[in-house]
Amino acid sequence: MHPASPPAGGPGPNPQDYNLKDTSPRLGERWPVGGSRSIGGWMSGDKYSSTYDLVEQMYYLYVRVVKAKDLPPSSITGSCDPYIEVKLGNYKGTTKHFEKKHNPEWNQVFAFSKERIQSSVLEVFVKDKEMVARDDYLGKVTFDLNEVPTRVPPDSPLAPQWYRLEERRGEGKVRGEIMLAVWMGTQADEAFPEAWHSDAASVHGEGVFNIRSKVYVSPKLWYLRVNVIESQDVQPNEKGRFPEAFVKAQVGNQVLKTKICATRTLNPLWNEDLVFVVAEPFEEHLVLTVEDRVHPSKDDVLGKTTLPISIFEKRLDHRPVHSQWFNLEKFGFGLLEGDRRKELKFSSRIHLRVCLEGAYHVLDESTMYISDQRPTARQLWKQPIGILEVGILSAQGLLAMKTKDGRGTTDAYCVAKYGQKWVRTRTIIDSFSPKWNEQYTWEVYDPCTVITLGVFDNCHLGAGEKVSAGGAPARDLRIGKVRIRLSSLETDRIYTHSYPLLVLHPSGVKKMGELQLAVRFTCLSLANMIYLYGHPPLPKMHYIHPFTVNQLDNLRYQAMNIVAVRLGRAEPPLRKETVEYMLDVDSHMWSMRRSKANFFRIMSLLSGMIAIGKWFNDVSHWKNPITTVLVHILFLILIWYPELILPTIFLYMFLIGIWNYRFRPRHPPHMDTRLSWAEAVHPDELDEEFDTFPTSRPHDIVRMRYDRLRSVAGRIQTVVGDMATQGERFQSLLSWRDPRATSLFIVFCLCAAVVLYVTPFRVVALVMGLYMLRHPRFRSKLPSVPSNFFKRLPARTDSLL
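Residues numbered from 1 in each chain as written. Predicted model: local features only at pLDDT ≥ 70, side-chain atom pairs only at ≥ 80, totals over all residues. Heavy atoms only, no water.

A.B. asks: Looking at this model, I keep getting lost on the overall build of the chain. Mind explaining?
C.D. replies: For the chain, the count of helices and strands is 13 helices and 30 strands. Considering the chain as a whole, with its 801 residues, one finds that 48% of them fall into the buried category. Considering only residue pairs separated by 6 or more positions, the chain has 73% of its internal contacts joining residues 24 or more positions apart. Working note: accessible area of the chain is about 41000 Å², and carbon and sulfur atoms make up 57% of it. (Helix = DSSP H or I, 4+ residues; strand = E, 2+ residues; numbered from the N terminus. Buried < 20%, exposed > 50% of the residue type's maximum accessible area, 1.4 Å probe, protein only. Contact = heavy atoms within 4.5 Å. Areas by Shrake-Rupley, 256 points an atom, 1.4 Å probe, with all protein chains shown as cover.)

In structure tokens:
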């Protein structure tokens, strides 16, 4: 182990680069009446936009090309293959062309950023696509930007109009008309997400779909509980022997097996639970096979059945469901002809109790950074207690993630995940300081949850798409991640900070840039929020019928895979590497660095106890006579009046909490490189952390021992981390990290001090003793209110890389 204190500064010249920074963006900036003319007086309306108040307003010139009619045929071919070209200064966007159509419909929107407009004239050309010669010119429409109206939501969309086409030089009208709508708007406009953006004019083909902003929803996940009870008339393939029978269940790529029946019989009994993760719509089937262990390396299939998941009951509580018998097809018998099937005199059967669990929350992310704790069944959801609004403003100082045309470039987009809703901003092409200015909203059902935001480099832009060395398609590169715990936010306050994007590489921790966010947490019901602090974080079924630790780990891994696959099938896809990074899929892997970080978290907690011991030693040695005299007086009072001991303790905690209010954190916590032990990590430990699992070491014995050590050490690391988390929750009681929790606790301390003052100590001791020794009949299976409150307190896990 290294020395027991983290290094004083970062490896770079400026250690402050890793810290959170306050920013002052101009949120909700409004266009002045009459317009401040940079290109012309565009603002003519008298309404202001009140939407998107957590982002800086960005203005765009929108051109909606609807359709054309009565277009003239070509003098050469006698037909017309029309398309539209929208030109503004150096930017030119085109629609697709239609073959042999005189009345085409496009219904496409073009958006030109106001910051990059270099002309005061907008030109819309209608052209005829020629396969050999130069495209034929059919006509154009010209707009003066000074005359373009401004549309401000929630106004209805601007009605398109028919315009007669003009000659090339504008000397007169020609045959044909085009329907257009041209207006100035902001990113709050409904046309914004689907528009062709001049910022991304270099992107063509399939890449156009991969740069748009989108909202995704995680698939609805269920736990499928298969209780394998027994089987009847299991006939082994070898006559004269009794089978060593077990059941193998498979859903998709998830395979689970029961134990081998203890008694060798034709009617084996198991009564085992097998739990799977499934997602709506239920595409996979439950495949059950009864197998016979003939040899340690050979299993014979004795029977098989395939069941659609949709036939099973969905239960909303712990009441048992009805069991059912299902016939087993003899292995290979399903391939026989229909006449041969009738020869089967009887069928083996299997007895099952199967249900879809609606009262559990299916964990698909690390419990340390959980963003949703609601049960699967919508009927069991409670009302939301708040609204979370996040303005994804911009990024600064991003590093070059790839090379294009011999120079470094980055095409950045941001992904945010909270609950079942994922959002993805549009991709800003070739910019190290992208400005998104997109605002998103989530309903909050529990304040003790975490929103995760990640920044990625888009490597799927069509023609310029990279391909990895092995020929596999390129992967979107991770730039960095931000986590914000909602309980550490004050309600109705706008937080505007610049978060450093930190990523751990094999060479060490690296700052990839900064992400600027505006965050506001609005409380809808303070009473409901306070009510939640005394209740279990997860649905009660997790405590009535809990899963084992190994079960939870396996189920979480399967849930992550299902979410990644389903989101990867969206259009445009949210790719697997992006989803896995957002869900911390590798957070359970062994890391010497994480173990050391957790160890020193515990050491820092113990240092407080050591400081108290030193203080008492100084008091007993009369280092400060005044303090020693005061302690003597307090000691004598408490000895003379023992009933004052508990009220004094609670009163002191109340006063400490009030005193610490002045020093409460003013901004949400962020990744701490020193706490994560990322600044002074040994190169060999980083090599181990980024090693594959299993290890890539060539020697078989070393590989086996090494992997076993990593597996055991990973569990120890988790336990050490949990111990540190509990201690940090104690610290957070009076630290105002969670303002509502600290307020509740100090009010409780004040009430407890008053009650204990007026209640004789003997009565308090008697009640506490009888309560702790109460009969199990009077105990609830659910955790107590103090336990639930304590589990909801924040720890420093949010700040770990």
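A.B. asks: Just to check I follow, could you spell out the nonpolar core for this structure?
C.D. replies: Within soluble globular proteins, side chains that are nonpolar tend to cluster in buried spots. Of all hydrophobic cores here, the largest spans 86 residues; its most connected members are Trp422 and Leu453. By size, the runner-up hydrophobic cluster in this structure holds 30 residues, among which are Leu61, Ala68, Leu180 and Trp196. (Core = buried A, V, L, I, M, F, W, Y, C linked by side-chain atoms within 4.5 Å.)

A.B. asks: What is the right way to look at the sheet that holds strand 25 (residues 421-424) in this model?
C.D. replies: Strand order in the open sheet made by the 5 strands is 11-25-24-27-28, with antiparallel pairing throughout. The open sheet has two edge strands with one neighbour each: strand 11 (214-217) and strand 28 (477-485). Sheet twist, expressed as the mean angle between neighbouring strand axes with direction ignored, is 20°. Strand direction decides the pairing type here: strand 11 and strand 25, joined by 4 bridges, are antiparallel. Opposite Val217, over in strand 25, you have Lys421 as the bridge partner. (Pairing = 2+ DSSP bridges. Axes fitted to C-alpha atoms, helices over the stretch in contact; angles between N-to-C directions.)

A.B. asks: Honestly, the packing of aromatic side chains in this entry has me stumped. Any pointers?
C.D. replies: The geometry of an aromatic ring pair comes down to the distance between the two centres and the angle between the two planes. The full count for this structure, using the stated rule, is 20 aromatic pairs. Relative to Tyr360, the ring of Tyr223 lies with its centre 5.9 Å away and its plane at 80°, an arrangement referred to as edge-to-face. Residue Tyr223 is found in strand 12 (residues 221-232), and its partner Tyr360 is found in the loop between strand 20 (348-357) and strand 21 (386-396); the two are separated by 137 residues along the sequence. Of the residues examined, Tyr360 reaches a relative accessible area of 0% and is grouped as buried. For the ring pair Tyr533 and Phe789, a centre distance of 6.0 Å and an interplane angle of 50° mean the geometry is tilted. Here Tyr533 is found in the loop between helix 2 (526-532) and helix 3 (541-544), whereas its partner Phe789 is found in helix 13 (residues 785-791), with 256 residues between them in sequence. Like Phe789, Tyr533 is buried. One aromatic cluster is present, formed by Tyr60, Tyr62, Trp183 and Phe192 through successive ring pairs. The aromatic ring of Phe125 is capped on one face by Lys127, whose charged end is 5.7 Å from the ring centroid. Directly above the ring of Tyr581 sits Lys481, whose terminal nitrogen or CZ lies 4.1 Å from the centroid. (Phe/Tyr/Trp six-rings, centres within 6.5 Å; stacked < 30°, edge-to-face > 60°. Lys NZ or Arg CZ within 6 Å of the ring centre and 35° of its normal.)

A.B. asks: I keep staring at the pattern of salt bridges and nothing clicks. Help me out?
C.D. replies: Where charged atoms from two side chains of opposite charge come close, those side chains can pair. Taken as a whole and assessed by the stated rule, the structure comprises 39 salt bridges. With a closest N to O distance of 2.9 Å, Glu728 and Arg601 form a salt bridge. Placement of Glu728 in helix 10 (residues 700-732) and of Arg601 in helix 6 (residues 592-620) is noted, with a sequence separation of 127 residues between them. Judged by relative accessible area, Glu728 falls into the buried class, the value being 3%. Take Arg601: its relative accessible area is 2%, and that puts it in the buried class. (Salt bridge = Lys/Arg side-chain N within 4 Å of Asp/Glu carboxyl O.)

A.B. asks: Help me out: how do you make sense of the side chain of Asp292 in this one?
C.D. replies: Here Asp292 is to be found in strand 16 (residues 285-295). The exposure class assigned to Asp292 is buried, which follows from its relative accessible area of 1%. Polar contacts involving the side chain of Asp292 include one to the main-chain amide nitrogen of Glu244, which spans 2.9 Å. Those residues in contact with Asp292, other than ones at most four positions away along the chain, are Pro236, Arg241, Pro243, Glu244, Lys298, Asp299, Asp300 and Leu302. (Polar contact = N/O pair within 3.5 Å; in protein donor to acceptor, adjacent residues only side chain to side chain.)

A.B. asks: I keep staring at the packing of helix 8 (residues 645-660) against helix 11 (residues 739-758) and nothing clicks. Help me out?
C.D. replies: To describe two helices that pack against each other, one gives the angle between their axes and the distance between the axes. Contact geometry of helix 8 with helix 11 gives a least axis separation of 8 Å together with a crossing angle of 155°. On the basis of the axis angle, helix 8 is roughly antiparallel to helix 11. The chirality of how helix 8 crosses helix 11 is left-handed. Residue-level contacts link Leu646, Pro647, Phe650, Leu651, Met653, Phe654, Gly657 and Ile658 of helix 8 to Phe745, Ile746, Phe748, Cys749, Leu750, Ala752, Ala753, Leu756 and Tyr757 of helix 11. (Parallel < 35°, antiparallel > 145°, perpendicular 65-115°, else oblique. Left-handed = near helix turned anticlockwise from the far one by under 90°.)

A.B. asks: Can you walk me through unusual backbone geometry in this structure?
C.D. replies: Glycine aside, residues mostly have negative phi angles, and peptide bonds mostly take the trans form. In the segment running from Glu280 into Pro281, the intervening peptide bond is cis, with an omega of -10°. The linkage connecting Glu571 with the following residue, Pro572, adopts the cis geometry, with an omega of 0°. Within the fold, Pro572 resides in the loop between helix 4 (549-568) and helix 5 (576-582). Of note in the backbone geometry, Asp430 takes a positive phi value of approximately 50° without being a glycine. Structurally, Asp430 can be placed in the loop between strand 25 and strand 26 (435-444).

A.B. asks: Can you help me understand the environment of Arg666 in this one?
C.D. replies: By the secondary structure assignment, Arg666 is in the loop between helix 8 and helix 9 (683-689). Spatially, the C-alpha atoms of Arg666 and Arg737 are 9.2 Å apart, while their sequence positions differ by 71 residues. Excluding anything up to four places from it in sequence, Arg666 contacts Arg493 and Tyr495.

A.B. asks: Please clarify how the sheet that holds strand 1 (residues 21-22) should be interpreted in this entry.
C.D. replies: Pairing between the strands of a sheet comes from backbone hydrogen bonds, and it takes one of two forms, parallel or antiparallel. Read from one edge to the other, the open sheet built from 5 strands follows the order 1-29-30-21-26, with strand pairing classed as antiparallel. Looking along the sheet, the strands with just one partner apiece sit at the ends: strand 1 and strand 26. Pairing geometry for strand 21 and strand 26, over 8 bridges, is antiparallel. Bridged to Ile387 within strand 26 is Glu443.

A.B. asks: What should I look at first to understand helix 8 in this one?
C.D. replies: Turn by turn, an α-helix covers 3.6 residues, leaving residues three or four places apart pointing in a common direction. The end-to-end C-alpha distance of helix 8 is 23 Å, a good match for the 22 Å that 16 residues give at a rise of 1.5 Å each. Listed in full, the buried residues belonging to helix 8 are Pro647, Thr648, Phe650, Phe654 and Gly657. Tucked inside the fold, the buried residues of helix 8 contact helix 7 (625-640) and helix 11. (Expected span 1.5 Å × (residues − 1).)

A.B. asks: What is the right way to read a nonpolar patch on the surface from this model?
C.D. replies: Side chains of Trp622, Ile626, Val629, Leu630, Ile633, Ile637, Trp640 and Tyr641 sit close together on the surface and give an oily, nonpolar patch of about 890 Å² of accessible area. Mapped onto the elements, Trp622 comes out in the loop between helix 6 and helix 7. We classify Trp622 as partly exposed; its relative accessible area is 46%. (Patch = residues over 30% accessible without salt bridge, like charges linked within 9 Å, V, L, I, M, F, W, Y side chains within 5 Å.)

A.B. asks: Got a minute to help me understand the pairing of strand 16 in this structure?
C.D. replies: As defined by bridge partners, strand 13 (residues 245-251) adjoins strand 16 across 7 bridges and the pair is classed as antiparallel. Within strand 16, the residue paired with Ala249 across the bridge is Leu288. Relative to strand 17 (residues 298-308), strand 16 runs antiparallel, the two sharing 10 bridges. Following the sheet pairing, Val287 is matched in strand 17 by Thr306.

A.B. asks: Help me understand the environment of Gly252 in this model?
C.D. replies: The topology assignment puts Gly252 in the loop between strand 13 and strand 14 (254-257). On the basis of relative accessibility, which here comes to 35%, the residue Gly252 falls in the partly exposed class. Taking the C-alpha atoms as reference points, Gly252 and Phe276, 24 residues apart in sequence, are found 9.8 Å from one another. If we skip the residues at most four places from it in the chain, Gly252 touches Glu284 and His285.

A.B. asks: Just to check I follow, could you spell out the side chain of Gln187 for this structure?
C.D. replies: Here Gln187 lies in the loop between strand 9 (173-186) and strand 10 (196-197). Only 2.8 Å separates the side chain of Gln187 from the backbone oxygen of Asn437, close enough to count as a polar contact. Gln187 has contacts with Tyr52, Val55, Glu56, Gln57, Met58, Tyr60, Tyr62, Phe192 and Asn437, leaving out every residue within four places of it along the chain.

A.B. asks: What am I meant to see in the confidence of the model for the chain here?
C.D. replies: Interpreting fine coordinate detail is not advised for predicted regions of low pLDDT. Chain-level pLDDT for the chain is 82 on average; 87% of the residues reach the 70-or-more range. Contacts from residues 1-13, a stretch scored under 50 in pLDDT, to residues over four places away or in other chains number 25 contacts. (pLDDT = per-residue confidence, 0-100.)

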